[in-house]
Each structure stands twice: as C-alpha cells, then as structure tokens.
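Below are the chains, spelled out letter by letter.
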Amino acid sequence: MTSYPENAARSASAHWQQVWPELFDCDRDLSLPYPHVPVSALLQTAARRFPDRAACTLFGQPTTYAELDDQARRLARALAELGARPGRHVGMFLPNIPEYLIALQATWLTGATVLQLSPLMVAEEVAHWLEAVGCHIVITLDLLAPVVMGAMGRGPLEHIITASLVPHISLWRGWLYRIEHLRRNGSLRLREDAHHHRFDNLLQTGPLEQSPPVVPAEDVAVLAPTGGTTASPKAVMLTHRNLVANAFQLRHWVGGEDGTESTLGVLPLFHAYGLTTTVLTTWVKGGTVHLLPRFEARAALRVMERYRTELVAVVPLMLNALNQVLRRRPRDLSYIRAVVSGASALDPAVRAEFETYHPQHLVEGYGLTEASPVTHANPLGPGNRPGTIGLPLADTEARVVDPVTGVGEVPDGTVGELVVRGPQVMKGYFNNPEATAAVLRDGWLYTGDLARRDADGYFILVDRKKDIIKTSGYLVYPAEVEEVLAMFPGVAEAAVIGRPDAERGEVVTALVVARDQARLDLAALERYCREHLGKHKRPRQIEVVAELPKNFLGKVLRRRLREMAGRGPAVGPAAT
C-alpha cells in the first residue's frame, strides 16, 4: 500500500487544528485528521476569517465572503419555509454562477441534501432523478426552467426557484438575454405564485437566525448522478465527512497561503471534480473562485489574465482548446502556480505545448465521483512525473489487486485493478445496495480502472476494466492502441473498442478523427499499425468519423462508440 509520504494522519490533524481551531474546538474526536463538521462550516469559517475578501467573481463583479454568507442564510430561511430539512433534497439545475454557491450553502444550512443536476440534461432525465430521490424543490436558471416545469404536478416536485443572469451582465447583453428568455420559454408563464419563486426575491427575507440543524458528518450532503458513460446511471451518496475530508486533503496538497490565491471556476459545479477542487478547497483556503458559466477558451484566458489566477483545474480537452488560442497569440502564463489536469489521460503533445507558455507546475491527478472525487495527484515540484497520476492524497491508501479475483496485491509493474480507501470514499449508491456491494468491499472502493504501480509508489492508469478487449485469447488495452494511433500524422483523435466476433470473441475496431478535416490515408494508417502494433493489437477495422462522442468533461462515451461503429468510411481487415 502507498500513501502520500509527508502527510501522516497525526501530522495533518495537528496542522489543521492549528489553522482552523474554531472547527476542531467543536470536534469531539481530536485524533481525526479533519474536522468532523458539516460542509456548511467551510464557508462560515471563511466568512469569519476573510469577510471582505471576494469569495467569487462573475463577469468582473465580486461577491465577498460576508455577502455570500449573508445571502446563503437568507435563502436558507426561505428554503426552510418551503420544507427543506434533513432527509429532503434540493435540486441544483444551474450553471457556474454565484447563485449556485449561495444555493449550495443554503441547502446545507437547512440540513437538506443537494441533488446535482447537469444543465445538459433533457426534461426526461431531470424528471427521472426528481422522482427517483423524491426531490420537492429545484433551483434553476430562468432559461432552463422549461426543462423542469414539465415535472411539476407529475411527481414530488412542489417548488421551482428561478435565478437570472441579467443582474450579472451588461445592459445590452441583458436585452439579448431577455430575447433568448422569450424564445426559450414561449408561452410558458413564470410569474411568482405558491409554487414558482424568484431567487432574488427570496433573498429579501431575513437571514436564518436560529442555529442550523445539527448535521451528523455521516449524513449525505450531495447526491451525484453518475455512471452514464459505462453503465446504467446511479446516484453517488457523498457525506459531509467525505467532502470536508477531500477539501482538506486538497488544501494540504496544493499548499500556498490562505486568503491570497484565486482559482479558475470553469469546471462544472454539478460534477464532484468542479465542486471540490474549485469551490470547497477554495473555501478552506479563503481564496477567490473566478466563475465562468461555460468553458470558452478565449473567455477563460481573459479571466486568467485579468486576475492572474494562480490555480487552474481543467480537463485535457480544455488544455487543447487553450493551446489553439495561444498558438495565434502566445502569452506568458508564469503567474499560474499550478495547473491540474484530470478526468482523462493527458496527451503528452498537448502537455508539452501548454508548458511552452510557462505555467509553474502542470500535474496530472486522478479521481472518481465515488471518492469526492480526488484520490491521487502528482506533487507540485520535483516529484512530478508526467504520464502518471502521481501518489495517493493524504490519509488515502491505494492498492493494485488481481483484476479477476479482486484480492491480493499484484507485484509492482503488474497491471491490476486500482482500489482505494480513505475518508473521501462515498457512503454508497442511493437506494442501490447491490451496486454498492459490488464496488465497496471492506472499506475499499473498487474503481474499475486498471493500473500499475512503479517501484517508487507512483500509479499509472492503463484502462477501464470493462473496456478491455478479449480477442483470440489475448487481452488488448484500448488506451495502448489509441496512443499509437494518435501518433499518426493525419489522426487528431482515436478511440478503440471491441466488437463481437463469432470466431475471435471480439475484434479490435478503431474510430479516428482526421486532423484539420483533411482526407485520411487509411492505407498508410494500416501500414503504420503493422509497424507499431503487435498482430493481436492491430485494429481489424478502422473507421473515420467526424467526431468522437464525449461527455461534459471530455471523456469518450464508449457506449456511443459501439453504436457508431460500422457507419463511417473504413478499411479492413487491417490485421490479417
């Protein structure tokens, strides 16, 4: 087992008790490395430590910690009057705007659980999750209200609270926004009544004065729908303890001085990666989150340059988009202290190009929603090893076990299933004991990812366990084949899947995107594969597609790939 070397539980506990004594004063067990408090304590403490510091900005408008705390307490009172309380759920159907932060904190102050809903969901998906968890309040953007309104009266939904971007944008953009609002909503009437409430009007009420409910650390703070890329969707239950622990783990990892640094808030907050790395960790630091409702490379660079943002969490897709803008107008990014890339493997070429703009540190990490989400990261400094996911975070254990039996560690350098254990590991899947039992065993989370550990304790991801291709008795790791295909000059992106075959069990099939929409020489690509891949690894069919289907974090949707296979121009068999 390996854990982050310089951070034993006792040393971490001593550090945080010194920095955050007000939280540990109310903690019964001072041997715990992190405060045993609800997530709401993070913002409350930051507001006491740094009341006048900007907690967030949006389009250049700051909101201080004192203002954020006050508005959250006002909304908490309104939510409580609408029935929010321990055991109930409040849905968040919002982009990255200050109202999202206010709504998160307000929900936690009432003791209710946050249901994270992606603004990319369609009405059917939203209605499914509202009914599945019994959610009776949803907070949304007025532009997204039509997606939610259909669920009113057909399930548990009783109240819709709508926020607007108009207060955050210029006058002329406000007119355009109102036109778009009319276009989307049509005849749908959003007048305030007993079931529809305007976010800004609810903030006019008095703040929640009474002490918030005592929320046990093991209570669920967030329900996060997940699993749609590889299996039927499930909802991860992340407790207050999970989220607080991961925020403190990342605070220890990132270093820096409290109350001084800022973070780019472009990762979607409806995902654990964005929520924990850009919001909760920043609250622990007393830093500033510079919010962007959606990622656009030029806009992100403008924000980074304006505020000289020290901390940037991204996915590889974003780094690639930033590179494309920076090629046309190179800029010095040396003010960025740390860029962390997660969610999918970082292409070495994308990494190398971005590093030419001189960020101080560019590191890769790893996590999954079931772990709040971060479990591994490379050190910021000499220990950074490109191509690895680094070392487990503080108080996190990691093993590589036999991928078939799930027991017994395999030797260093051998591929097996990555399993992790730590305070950030989820409570389980909501109302799904079978799925929970399949991945949680004796406190260990079975990630479904194949990895190997080197002699120094660094972990290297190989592939998803479910994505392994079994052909003619051989095991083929798609990532290995994809890496070779991506090196071919005419290939911009590549994805590899296994297709059923009566003779071989499965055959290796590649779907590739041509670089710059050029015509791809498939015969040359076939010859290239023969030179660089063993016979069993070579794609027997190569298909050219316009683009690879991906989710909002840039992960390739392999289920969609299997549906697409056989539709595009192809060459094959490519390996006889």
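Bear in mind the structure is a predicted one, so any value in this text is a computation, not a measurement. (Residues numbered from 1 in each chain as written. Predicted model: local features only at pLDDT ≥ 70, side-chain atom pairs only at ≥ 80, totals over all residues. Heavy atoms only, no water.)

Caption draft 1: Structural context of the nonpolar core. The biggest cluster of nonpolar side chains holds 103 residues, and the ones touching the most others in it are Leu 75, Trp 108, Ile 139, Leu 280 and Trp 283. It is helix H5 (residues 98-110) that provides the largest number of residues to this core, a total of eight residues. Here Ile 139 is in contact with Leu 75, Leu 79, Val 90, Gly 91, Met 92, Phe 93, Leu 94, Ala 103, Ile 161 and Phe 199, once residues within four sequence places are set aside. The next biggest cluster of nonpolar side chains, apart from the first, holds 41 residues, and it includes Tyr 273, Ala 300, Leu 301 and Val 339. (Core = buried A, V, L, I, M, F, W, Y, C linked by side-chain atoms within 4.5 Å. Buried < 20%, exposed > 50% of the residue type's maximum accessible area, 1.4 Å probe, protein only. Helix = DSSP H or I, 4+ residues; strand = E, 2+ residues; numbered from the N terminus. Contact = heavy atoms within 4.5 Å.)

Caption draft 2: Highlighting the pattern of salt bridges. Enumeration according to the criterion identifies 23 salt bridges in this entry. With a closest N to O distance of 3.4 Å, Glu 355 and Arg 351 form a salt bridge. In this pair, Glu 355 and Arg 351 both sit in helix H14 (residues 348-355), four residues apart, roughly one turn of the helix. When the shortest N-O distance is used, the salt bridge between Arg 385 and Asp 454 registers 3.1 Å. Of this pair, Arg 385 sits in the loop between strand S15 (374-377) and strand S16 (391-392) while Asp 454 sits in the loop between strand S21 (444-453) and strand S22 (459-464); the two residues are 69 residues apart in sequence, bridging distant segments of the chain. Assessed through its relative accessible area of 29%, Arg 385 is described here as partly exposed. Counted as one network, the salt bridges with shared partners bring together Asp 69, Asp 70, Arg 73 and Arg 74. (Salt bridge = Lys/Arg side-chain N within 4 Å of Asp/Glu carboxyl O.)

Caption draft 3: Focus on the packing of aromatic side chains. Evaluation of the coordinates by the stated rule reveals one aromatic pair. Sitting above the plane of the Tyr 446 ring, Arg 441 keeps its charged end 3.9 Å from the centroid. (Phe/Tyr/Trp six-rings, centres within 6.5 Å; stacked < 30°, edge-to-face > 60°. Lys NZ or Arg CZ within 6 Å of the ring centre and 35° of its normal.)

Caption draft 4: Looking closely at H14. Among all positions of H14, only Val 350, Arg 351 and Phe 354 are buried. Down the axis, H14 shows its buried residues gathered within 100° of arc, on one side only. In H14, the exposed residues that point more than 90 degrees away from the buried face are Pro 348 and Ala 349. On its buried face, H14 sits against helix H13 (316-328), strand S13 (338-341) and strand S14 (362-367). With a side-chain oxygen lying 2.8 Å from the backbone nitrogen of Ala 349, the N-terminal cap of H14 falls on Asp 347. (Arc of directions from axis to C-beta. Polar contact = N/O pair within 3.5 Å; in protein donor to acceptor, adjacent residues only side chain to side chain.)

Caption draft 5: Focus on the pairing of strand S2 (residues 61-64). The pairing of strand S1 (residues 54-58) with S2 spans four bridges and is classified as antiparallel. Its bridge partner lying in S2, Leu 58 is registered against Gln 61. In this structure, the hairpin formed by S1 and S2 is closed by a connection of two residues, where Phe 59 is found at a positive phi of approximately 55°. (Pairing = 2+ DSSP bridges.)

Caption draft 6: Main features of unusual backbone geometry. Cis geometry marks the peptide bond from Ser 372 to Pro 373, where omega comes out at 10°. Positive phi outside glycine occurs at Arg 308, with the angle close to 50°. Structurally, Arg 308 can be placed in the loop between helix H12 (297-307) and strand S12 (311-314). Arg 308 sits in the partly exposed class, given a relative accessible area of 48%.

Caption draft 7: Focus on the packing of helix H3 (residues 40-49) against H5. Look at H3 against H5: their axes get within 9 Å of each other, and the N-to-C directions meet at 115°. Relative to H5, the element H3 is oriented roughly perpendicular. Viewed along their axes, H3 and H5 form a crossing whose handedness is left-handed. Here Ser 40, Leu 43 and Gln 44 of H3 lie close against H5, whose contacting residues are Gln 105, Trp 108 and Leu 109. Among the residues forming the contact of H3 with H5, the class breakdown is three nonpolar, three polar and no charged. (Axes fitted to C-alpha atoms, helices over the stretch in contact; angles between N-to-C directions. Parallel < 35°, antiparallel > 145°, perpendicular 65-115°, else oblique. Left-handed = near helix turned anticlockwise from the far one by under 90°. Nonpolar A, V, L, I, M, F, W, Y, C, P; charged D, E, K, R; others polar.)

Caption draft 8: Inspection of the sheet that holds strand S9 (residues 234-239) at higher detail. If you trace the eight strands from one edge of the open sheet to the other, you get S7-S6-S5-S3-S4-S8-S9-S19, paired in mixed fashion. Only two strands of the sheet have a single partner each, and these edge strands are strand S7 (196-198) and strand S19 (428-429). Relative to the sheet, helix H10 (residues 240-254) contacts strand S8 (220-226) and S9, its axis offset from that of S9 by approximately 70°.

Caption draft 9: Fine view of the environment of Ala 163. Inspection of the secondary structure assignment puts Ala 163 in strand S6 (residues 159-163). For Ala 163 and Arg 198, which are 35 residues apart along the polypeptide, the C-alpha to C-alpha distance reads 6.3 Å. The residues contacting Ala 163, other than those within four sequence positions of it, are Leu 94, Glu 99, Thr 140, Leu 141, Asp 142 and Phe 199.

Caption draft 10: Focus on the environment of Ala 299. Along the chain, Ala 299 turns up in helix H12. Each C-alpha atom of the pair Ala 299 and Phe 59 lies 9.8 Å from the other, and the pair is 240 residues apart in sequence.

Caption draft 11: Geometry of the packing of H13 against H14. Put simply, H13 and H14 touch, their axes get as near as 9 Å, and they point 45° apart. The pairing of H13 with H14 is recorded here as oblique in orientation. For the crossing formed where H13 meets H14, the hand is left-handed. In this structure, H13 uses Pro 316, Leu 319, Asn 320, Leu 322, Asn 323, Leu 326 and Arg 327 to contact H14, whose residues at the interface are Val 350, Glu 353 and Phe 354. A breakdown of the residues in the contact of H13 with H14 according to their chemical character gives six nonpolar, two polar and two charged.

Caption draft 12: Summary view of the sheet that holds strand S11 (residues 288-291). Strands sit in the order S2-S1-S11-S10-S12-S13-S14-S15-S16 across an open sheet of nine strands; the sheet is mixed. Looking at strand neighbours, the two that pair on one side only are S2 and S16, the edges of this open sheet. Relative to S13, S12 runs parallel, the two being bridged by four bridges. The residue of S13 that forms the bridge with Ala 313 is Val 340. Where helix H11 (residues 272-285) meets the sheet, it contacts strand S10 (262-265), S11, S12, S13 and S15, and its direction lies at approximately 160° from that of S12.

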